[in-house]
Each structure stands twice: as structure tokens, then as C-alpha cells.
Amino acid sequence: MARPMWIAKALSLFPEMFPGPLGESLAGKALRDGVWELSAVDIRRFAKDRHRTVDDAPFGGGAGMVMKPDVLSAAIEAVAVPGVPKMLLSPRGTPFSQARARQLAAGPGVLLVCGRFEGVDERVIEAHALEEVSVGDFVLSGGEIAAMTVLDCCVRLLPGVMGEPASASEESFEDGLLEYPHYTRPASWTGPDGIDRQVPEILVSGHHGKVAEWRMKRREEITRRRRPDLWARRRTATGTEEK
Ligand code: SAH
């Protein structure tokens, strides 16, 4: 029996931003092949007044506008499906991770609520038990690009989307380490700085065991140097605390 399609829904004030970059390359092909489906729904459709108002001034004062709870809630109710996770993109959310992407990809799909302005009325988050997710410690102007980021991560993990299914297992974050450096032809290359750079000898040795060992060493080095936070977590997890 065919696997059921992975269903993504995005609620946005700018639905025409979708699929955007997700219509290209791997994700776009998978979309056309029916591996996943994406519907972007305009939150403004659920506005109740003549002016199609979706936002209002914050209680307590302050800058900016807040997305109205009644309108956003009606939109969520119209598209939510029981059993499908409901997320709100938000800079104060739980950092999105490769592990969460794997969980989502293994499930039926996701509903992504894209904020705009200063954000959304807190009561909608509570009432719908929205999972707040952040894509990084910076502030975007809206949730759409963050939602696309989440979708891109999930879709490439769906069965049949990536050419080489094994290629995910050694990627950054999959086992708490960053990736090793890559090289391809030509084996000797002169850059714009005039320096001739060779491919590391070991990679052309044909010795698979040595190559694997070299790659693991590079992964450890790079992780330790660039991401001491990941490195510390890994040391704790593997019980090899540094002296
Ligand atoms: N006033 C908010 C920022 C609002 S930005 C604050 O100070 O935290 C407007 C919208 O962009 C947010 O509602 C959210 O949906 C989206 N957004 C901005 N940065 C994001 C991030 N790092 N991760 C996920 N969504 C983000």
C-alpha cells in the first residue's frame, strides 16, 4: 500500500509566499511527485469585519500590533487535523532541531502558524496548545521563512526524497557532531590566492577504514572548536567527561 502523503499546512497573512523555495529542487520534485502536500491558507479569510482586520493594538500599550485571537483561532480551527502537531513560529520558542525534524517527518504532517507584527495574542497559544518553535536567536519580520525552514528540514527526510538514504546518518547534528569536510575533483586546485591545495592524501588512498577514521577525527575537531556547546553535551552523553 502506498504511504499516506505527508501533509503540511501553513497559516499566513502572505500565503502567496508559499511554496516559494520549496517549489524547487528536492522539495519541489517531492511536492510534484505527491510525496507531500502543502496548502497555504490566508488568515485574513477569517477576519470578521468589513475591513478584514487581523491585528489590533496591544493591551498595556507599547509598539506594534498584535494578531487578533478570534481571527487566528478561527483559522486554526478551520485547518487543524486531530493528531497533526500545531506549531507557532516564534523567536521565544524551543529551538528547532534535527531530532524534532525527524519526529515530524515520521508523523502525518504539520500545521505551521506564521506570526507577523509583534506576534500573536497569548490566549490563542494557550487555547490551541501551540508548540512554539524558534529557528534561531534572531528576529525575522514574519514566520513564513521560519516555516519554510522547518518544512525543508522535514521534507528532505521523507522516504524517497533524498537520492541516497544513508547520506543523512553522517550529517551534522545526527549524532551530536558536525560534518567532516568534503572534497571532489580536481585533486589539485589553485585558488584565486595562487595557492595550490591538494586533497588530503588519505581520501585518495582507497582505504575505507582509514578514511572513516580520518573523517571522524575531523568531525570531532570541528565540533570541539566551533560548537563547544555540542561538544560538551556529547561528552556528557557518552560518559567521557573531560578531565
Ligand atoms: N516581538 C517579537 C518578534 C516578532 S517578529 C519578539 O520580540 O519576540 C514577527 C513574527 O516573525 C513572529 O511572530 C514569528 O512568527 C516570526 N519569527 C521571527 N523570528 C523568528 C524566529 N527566530 N524563529 C521563528 N519565528 C520567528
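Residues numbered from 1 in each chain as written. Predicted model: local features only at pLDDT ≥ 70, side-chain atom pairs only at ≥ 80, totals over all residues. Heavy atoms only, no water.

The next thing to look at is the site of the ligand. Near the ligand there are 18 residues, and of these Leu-89, Glu-118, Gly-136, Phe-138 and Leu-140 occur at the shortest range. At 3.2 Å, a backbone N or O of Ser-90 approaches a nitrogen atom of the ligand. Val-135 places a main-chain nitrogen or oxygen 3.1 Å from a nitrogen atom of the ligand. Relative to its free-state accessible area of 560 Å², the ligand is covered by the protein chains to the extent of 84%. Counting residues per element, the ones that place at least two in the shell around the ligand are β5 (86-95) and β7 (131-134). A per-element tally of the shell around the ligand places β5 first, with 3 residues. Tallied by class, residues from the shell around the ligand come to 9 nonpolar, 8 polar and 1 charged. (Near = heavy atom within 4 Å. Polar contact = N/O pair within 3.5 Å; in protein donor to acceptor, adjacent residues only side chain to side chain. Areas by Shrake-Rupley, 256 points an atom, 1.4 Å probe, with all protein chains shown as cover. Helix = DSSP H or I, 4+ residues; strand = E, 2+ residues; numbered from the N terminus. Nonpolar A, V, L, I, M, F, W, Y, C, P; charged D, E, K, R; others polar.)

What the rule picks out here adds up to 13 salt bridges. The partner of Arg-92 in a salt bridge is Glu-132, and the shortest N-O contact between them spans 2.9 Å. Taken together, the residues span a long stretch of sequence, with Arg-92 in strand β5 and Glu-132 in strand β7 at a distance of 40 residues. Taking the relative accessible area as the measure of exposure, Arg-92 reaches 52% and is therefore exposed. Judged by relative accessible area, Glu-132 falls into the buried class, the value being 17%. With a shortest N-O distance of 2.7 Å, Arg-156 and Glu-171 are connected by a salt bridge. One end of the pair, Arg-156, is in the loop between α5 (144-155) and β8 (188-190); the other, Glu-171, is in the loop between α5 and β8, with 15 residues separating them in the sequence. One continuous salt-bridge network, built from bridges that share partners, spans Arg-92, Glu-122 and Glu-132. (Salt bridge = Lys/Arg side-chain N within 4 Å of Asp/Glu carboxyl O. Buried < 20%, exposed > 50% of the residue type's maximum accessible area, 1.4 Å probe, protein only.)

Below, the discussion takes up the sheet that holds β5. Sheet architecture is open: 5 strands sit in the order β2-β1-β6-β5-β7, paired in parallel fashion. Looking along the sheet, the strands with just one partner apiece sit at the ends: β2 (36-42) and β7. Mean inter-strand twist for the sheet, computed between neighbouring axes without regard to direction, equals 35 degrees. Pairing geometry for strand β1 (residues 6-12) and β2, over 7 bridges, is parallel. Considered in β2, the bridge of Ser-12 is made with Asp-42. (Pairing = 2+ DSSP bridges. Axes fitted to C-alpha atoms, helices over the stretch in contact; angles between N-to-C directions.)

Another point: the packing of helix α6 (residues 208-226) against helix α7 (residues 228-237). Where α6 contacts α7, the two axes come as close as 5 Å, and the packing angle between them is 120 degrees. In terms of orientation, α6 lies oblique with respect to α7. Contact residues: α6 offers Glu-220, Thr-223, Arg-224, Arg-225 and Arg-226, while α7 offers Pro-228, Leu-230, Trp-231 and Arg-234. Across the contact of α6 with α7, the residue classes tally to 3 nonpolar, 1 polar and 5 charged. (Parallel < 35°, antiparallel > 145°, perpendicular 65-115°, else oblique. Contact = heavy atoms within 4.5 Å.)

The residue Lys-9 is located in strand β1 in this model. Although Lys-9 lies buried, it forms no salt bridge, and the closest oppositely charged side chain, Glu-37, sits 6.7 Å away as judged by the N-O distance. Side-chain polar atoms of Lys-9 contact the backbone oxygen of Val-79, separated by 3.0 Å. (Lys, Arg positive; Asp, Glu negative; His and termini not counted.)

Here the focus is the domain arrangement of the protein. We note that the domain assignment places domain 1 (6-155) and domain 2 (172-238) within the protein. Each of domain 1 and domain 2 has a C-alpha centre, and these two points are 36 Å apart. (Domains from an automatic or database assignment.)

This brings us to the state of the cysteines. Here a disulfide denotes one covalent bond, and it connects the sulfur atoms of two cysteines. Applying the stated criterion across every chain yields a total of 0 disulfides. Cys-153 takes part in no disulfide bond, and the closest cysteine sulfur, belonging to Cys-154, lies 6.6 Å away. (Disulfide = S-S within 2.5 Å.)

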